[in-house]
Amino acid sequence: MEGIDHLADERNKAEFDVEEMKIVWAGSPHAFEVSDRIARLVASDPVFEKSDRGRLSRKELFKSTLKKCAHAWKRIIELRLSEEEAGRLRFFVDQPAFVDLHWGMFVPAIKGQGTEEQQQKWLSLANKMQIIGCYAQTELGHGSNVQGLETTATFDPKTDEFVIHSPTQTSSKWWPGGLGKVSTHAVVYARLITDGKDYGVHGFIVQLRSLEDHSPLPNIIVGDIGTKMGNGAYNSMDNGFLMFDQVRIPRDQMLMRLAKVTREGKYVPSDVPKQLMYGTMVFVRQTIVADASNALSRAVCIATRYSAVRRQFGARNGGIETQVIDYKTQQNRLFPLLASAYAFRFVGEWLKWLYTDVTARLQASDFATLPEAHACTAGLKSLTTTATADGIEECRKLCGGHGYLWCSGLPELFAVYVPACTYEGDNIVLQLQVARFLMKTVSQLGSGKAPVGTTAYMARAQHLLQCRSGVQKAEDWLNPAAVVEAFEARALRMAVACAKNLSKFENQEEGFSELLAELVEAAVAHCQLIVVSKFIAKLEQDIGGRGVKQQLNNLCYIYALHILHKHLGDFLSTNSITPKQASLANDQLRSLYSQVRPNAVALVDAFNYTDHYLNSVLGRYDGNVYPKLYEEAWKDPLNDSVVPDGYQEYIRPLIKQQLRTARL
C-alpha cells in the first residue's frame, strides 16, 4: 500500500542514531550535506529517470546517455556547482558514460604527465568540455603487459612530427571508454621511436575527430567494440577500437613532463622523477576502492531490506511466516557483506590520507615509502573489487528468484561492476605485484632495513613466527590486539613460507612462476590484515555516540572473524590459532550476528541512498515490494498486447496441429 512504511518496525528496533551514522558513512557533516543535497537534486529531475534502462535498445540507451550527460553539464554550469558537487552529481546520475573517462583518466593523465605549458593549453579546453578525451592504452593484444604495447610513435625530424601507427591488428586500441563514438581527443600510449631506437611506451595527445562535424580524421579507423554483458549496464558506455595508419601529430603533443624529444630528435629524460607517476596511480586506485564500498553497500542495502520484507516458512497455527533475515543461514551470508561495505569504506578513507601523504613526500623528493604505497594500493584494489563483485552476486542469490529480475537492481549492478576486477590492473596480476614486494621485504628482514607502512609488522618477525594466540574464551575475539596478532602471524608466516620455497629454486623467476598460487594467497592475507587493522584504527577515533560506536565495533569483528572462518585453513596450517580457538571465533560470530540483527535495516539506511539511485523494487525504502513488482511486470513491452505477435504464424498452427511438415 502506498504511503505505508512496511519497514517501520525494523527501523524502530535500531539501537543507535541513524543520522549520526549517515555522517560517519559520508566522512564528515559537510560531505553528508553535499551528498544528500545532490542525491535529491538528481532524483527529482525527470531527465535522469532510469527505471526503463533495461528495456532500451543499445542505440536508444546510448542516445539517452548523451542526453543525460549534456543535461548534467548544463545543470553543473547553471547551479555553479563546485568540483566536489559536480562529481557527486555524476555519481548519482548513475549511468556509465564517456564523461567518466574524460574526468577520471584523460584530465588526470594530462595533469600528471603534461608540462605546465601543455596543461595550460589542453586543460583549459578539457575543463570546459570544448574537447572530450579518453585514455587509449589497452590494445587488442595487450592489457596488463603495458610494456608489450605495439602502437608506435616514430619521430620524423624532417617535419618535426610524430607518426602514430598501428602496425598489426593486435596493436589496435581496444576497450577505452568514450572512444567508440564520442571522444574528440585521446591520450594514446605508444612506443616512442627516434633515431632508430625504441624508448618504450609514452603518452601522446592525438585528435581523433573533427571539431566541426565529428567525423574521424584521415587515416584513423575508430568505432564501438560491441554489446557487453547485461541489459543496460555498461552498454551505455561506448568502449571503442582505434587504428592509426601513419597519422602525423606535432612533436609538442607528446606529453613531456617526464621526458621529451628535441627538435633534432634527441630523447631527453627530464629532471622530474618518474616516481611522480605513482601519485596518479595511488589516486586512481583509491577511487576504485571507494567505488567498491559504494557498489557493495548498494547491493547489501537491497538484500537487507528485502530480507526483512520477505517471509517464508515457520508459520505456526495459522500465524505469520518467519522473516528471511531471521534465519541464521541468511545472516551468515548477508551480515559479513554488510560489514565488508563498512570496512571498505574506512580503508578507502585511509587511502585518501595515503594519497595526500604520498603527494607531500613526492614534492619533497622523498621516495622511501613509494614501493610500499604502490604495493598496498595494488593489493587493496584487487581485494576490494574481487570481494565486491562476488558480494553483489551473493546479494542476488540472497534475494531468491526475484533477485534475478532486472527490476531488482542487482543483475545490472553486477554487470556494471564486474569489469572493475580487470580494469586498472587484472586482480591476480596486481596481487602478484604485492607478492613480489612482500618477498623483497622478507629478504631484507635481517639487513637492518626496517619495513615501512603496512608492512611495519614484519619488523616483529621473530615474535610473530613464534607467538601463540592467547584466546581462551569467545569474548577474547573482541580484543583488538588478539585479532590483529592472529592476522599478522598468518600473513607473516605465509610470506616467510613462500620465501623459503622460493629459495629452493636456483632461478628465482622460475620459482616465482611455480609458486604463483601460493604467492597470491600470501598477498591476499597481507591485504586482509590491512583492512582489519584500518577498521580497528577507525574504532579508536572519536566517531559518533556510544550506539554508533557499538554497531561499528560489531561490524568490525564480524568482518575479521568471518575472514578468519573463511580462510581457516591458512590460520590453522600456519599455527596462528588452534582448532579450539577457531571454534570460539565461530561462537563469537554467531553472537555478533544476533547483535546486528535488530540494527540491520537502520545500518543500510545510513548509506542514505535514494530510491532513484538504488533503482530496485526489492530495495525500496518503504518496503512496498509486491505491488511494485506487479506494476513493473506490466511495463514490459511483451505485455503491450494480450495476444503476442507471432500467435497466428506459430502458436495457432501448433495448437491446431496445422504445421506443415517438409518432405525429405
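Residues numbered from 1 in each chain as written. Predicted model: local features only at pLDDT ≥ 70, side-chain atom pairs only at ≥ 80, totals over all residues. Heavy atoms only, no water.

1. Concerning a negative patch on the surface
Part 1 of the argument: The grouping of Glu506, Glu510, Glu514, Glu518 and Glu521 at the surface amounts to a negative patch.
Part 2 of the argument: Where the negative patch is concerned, the elements lending two or more residues are helix H15 (508-514) and helix H16 (516-539). (Patch = residues over 30% accessible without salt bridge, like charges linked within 9 Å, V, L, I, M, F, W, Y side chains within 5 Å. Areas by Shrake-Rupley, 256 points an atom, 1.4 Å probe, with all protein chains shown as cover. Salt bridge = Lys/Arg side-chain N within 4 Å of Asp/Glu carboxyl O. Lys, Arg positive; Asp, Glu negative; His and termini not counted. Charge placed at Lys NZ, Arg CZ, Asp CG, Glu CD. Helix = DSSP H or I, 4+ residues; strand = E, 2+ residues; numbered from the N terminus.)

2. Describing the pattern of salt bridges
Part 1 of the argument: Applying the stated criterion across every chain, the model contains 37 salt bridges.
Part 2 of the argument: The salt bridge involving Asp224 is made with Arg58; its shortest N-O contact spans 3.0 Å. Note that Asp224 is positioned in strand E7 (residues 220-224) and Arg58 in helix H4 (residues 58-78), a separation of 166 residues in sequence.
Part 3 of the argument: Relative accessible area serves as the criterion here: at 24%, Arg58 is assigned to the partly exposed category.
Part 4 of the argument: Glu631 serves as the salt-bridge partner of Lys628, at 3.4 Å between the closest nitrogen and oxygen. Taken together, the positions of Lys628 and Glu631, both in helix H22 (residues 625-634) and 3 residues apart, correspond to about one turn of that helix.
Part 5 of the argument: Overall, the relative accessible area of 13% leaves Lys628 in the buried class.
Part 6 of the argument: For Glu631, a relative accessible area of 39% translates into the label partly exposed. (Buried < 20%, exposed > 50% of the residue type's maximum accessible area, 1.4 Å probe, protein only.)

3. Looking at helix H10 (residues 370-398)
Part 1 of the argument: Between its first and last C-alpha, H10 extends 41 Å over 29 residues, near the 42 Å set by a 1.5 Å rise per residue.
Part 2 of the argument: Positive backbone phi, at 65 degrees, marks Gly400, one or two positions downstream of H10. (Expected span 1.5 Å × (residues − 1).)

4. Considering the environment of Ser82
Part 1 of the argument: Locating Ser82 in the fold gives a position in the loop between H4 and helix H5 (83-93).
Part 2 of the argument: Note: C-alpha distance between Ser82 and Ala537 (455 residues apart in sequence) is 31 Å.

5. Brief notes about the UniProt feature "binding site: FAD" (unreviewed entry) in the protein chain
Part 1 of the argument: UniProt's entry tags Thr138 and Gly177 with the feature "binding site: FAD" (unreviewed entry), counted in the numbering of this structure. A stretch of 40 residues holds the annotated residues, and the largest C-alpha distance among them is 10.6 Å, short enough that they meet in one place.
Part 2 of the argument: Looking at the secondary structure, you find Thr138 in the loop between strand E1 (133-136) and strand E2 (152-156).
Part 3 of the argument: Once you skip the residues sitting within four places of it in the chain, Thr138 turns out to touch Gly143, Ser172, Lys173, Trp174 and Pro176.
Part 4 of the argument: By the secondary structure assignment, Gly177 is in the loop between strand E4 (173-174) and strand E5 (185-194). (UniProt positions renumbered as here; feature names shortened; annotations may be inferred. Contact = heavy atoms within 4.5 Å.)

6. As for a nonpolar patch on the surface
Part 1 of the argument: There is a patch of nonpolar side chains on the surface, built from Tyr650, Ile651, Leu654 and Ile655 and spanning about 430 Å² of accessible area.
Part 2 of the argument: Tracing the chain through its elements places Tyr650 in helix H23 (residues 647-655).

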